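If you want the building blocks of each chain, they are given just below.
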Amino acid sequence: MSDGNSTVSSQENLAADLQVVRDYLDRAAEPDALSPDQMAGIRIELKGVMQEKNARLVAHYYTDPALQEFAEATGGFVGDSLEMARFGRETDADILIVAGVRFMGESAKILSPDKMVLMPTLEATCSLDIACPIETFAPFCDAHPEHTVVVYANTSAAVKARADWVVTSSIAVDVVEHLMEQGKKVLWAPDKHLGAYIQKTTGADMLLWDAACIVHEEFKARGLQDMKAVYPEAAILAHPESPAAVLELADVIGSTTQIIKAAQSIPNRQIIVATDQGIFHKLQQLAPDKEFIVAPTAGSDATCRSCASCPWMGMNSLQAMLLSLQEGSNEVVVDARLAEQAMVPLQRMLDFAAQNQLKVRGKA
Ligand code: 13P
Ligand code: SF4
């Protein structure tokens, strides 16, 4: 990114926010601190309140398996961020409960302004969102008026409102290819790894913002090569938020849903996965005969909190969801003017997705 000052301030914001998350996680009750009977009681109570209020749970693959199972058992949905947005808009529920991170709740609210959108916690954010504040992003866009502004869904409503297009990882390459065909230059934000991957795949003229996902950035190519030597028959599936050196080694690169589909169709029995460990629940469910191995990260469970595990996704729990639904607390509110502006690029993405068959990239 050409604006050096905004990188520094973004990093300071990120460090401060990470401390908030660590403090929160230290205070938060561990989900397994409750007995199976207590958990069963919470599920029963939740089902009752959800029926009474016509509420539906939309959960991301990275959330606790207990939430994913509960979403599916109660007519809700588990998916990647594009599918979550679609489901939220299409369901006839009066209340959407979004288990994921804040940008997912905000996208749901923008796309469904007449529904009440609740989250188990509003503190669940994303390092990409934090590192792309509108105060520095808007001037960066203003300085490059000849570029089409394409932002990742992992951004605030204000950043989306400043964009021409919003994309998720499942559709980013296709959208940029489409823009390239029209001779457009692209300003991309915020994930530099996903941006570099799109640029390499499409050959588009792109200006990249400088931010990363704290989870995927920890995957290491060197460790992955060593692991591949131990499991020579294994396929490597990676999320495009991973660094370029990791993606170089991958057989398939795609969004969480695309990874899950590839795991089912690829012939390899052993599969190394470079994304958040929360996805292993669905992978194991849909491909029970396969062995899934988490790709190596910089630290180990004992030395870091985000080793292949998003701390913000980890803030979601059934207990917090019950409280939010009973009290109507943690409602996602988006400024009406921003919502109206952000709806345009979001809707553009959904229309594009509806018209295009999304592809999974890979050597497989
Ligand atoms: P997906 O769109 O692939 O679900 O990714 C969302 C995300 O936050 C990945 O870290
Ligand atoms: Fe953001 Fe990374 Fe967490 Fe996804 S895994 S929500 S990109 S911090």
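Residues numbered from 1 in each chain as written. Chains lettered and ligands numbered in written order. Predicted model: local features only at pLDDT ≥ 70, side-chain atom pairs only at ≥ 80, totals over all residues.

(A) Examining the packing of helix α4 (residues 81-90) against helix α5 (residues 102-111) more closely. Axis separation between α4 and α5 bottoms out at 9 Å; the angle between their running directions is 35°. Both α4 and α5 take part in a crossing whose hand is right-handed. For the pair formed by α4 and α5, the contact residues are Ser81, Met84, Ala85, Gly88 and Arg89 on the first element and Met104, Ser107, Ala108 and Leu111 on the second. Across the contact of α4 with α5, the residue classes tally to five nonpolar, three polar and one charged. (Axes fitted to C-alpha atoms, helices over the stretch in contact; angles between N-to-C directions. Helix = DSSP H or I, 4+ residues; strand = E, 2+ residues; numbered from the N terminus. Left-handed = near helix turned anticlockwise from the far one by under 90°. Contact = placed C-beta atoms within 7 Å. Nonpolar A, V, L, I, M, F, W, Y, C, P; charged D, E, K, R; others polar.)

(B) Looking closely at the pairing of strand β7 (residues 185-189). Within β7, four of the five residues are buried, which leaves the element mostly enclosed by the surrounding structure. Two strands pair when backbone bridges link them, and strand β5 (residues 147-152) and β7 are joined in this way by five bridges, in the parallel orientation. Residue pairing across strands places Val151 opposite Ala189, the latter belonging to β7. As paired elements, β7 and strand β8 (residues 206-208) share three bridges and run parallel to each other. Following the sheet pairing, Trp188 is matched in β8 by Leu208. In this view, the connection linking β7 to its parallel neighbour β8 by way of helix α10 (residues 192-202) has right-handed handedness. (Buried ≥ 20, exposed ≤ 12 C-beta atoms within 10 Å, placed from the backbone. Pairing = 2+ DSSP bridges. Right-handed = clockwise from strand over helix to strand, strands pointing away.)

(C) Layout of the environment of Met84. With respect to the element layout, Met84 can be found in helix α4. Accessibility expressed as a C-beta count within 10 Å gives 26 for Met84, which makes it buried. Along the primary structure Met84 and Ala59 are separated by 25 residues, whereas in three dimensions their C-alpha atoms are 7.3 Å apart. Ignoring sequence-local partners within four residues, the contact set of Met84 consists of Val58, His60, Phe77, Gly79, Gly100 and Met104.

All quantities given are derived from atomic positions and should not be read as evidence of function.
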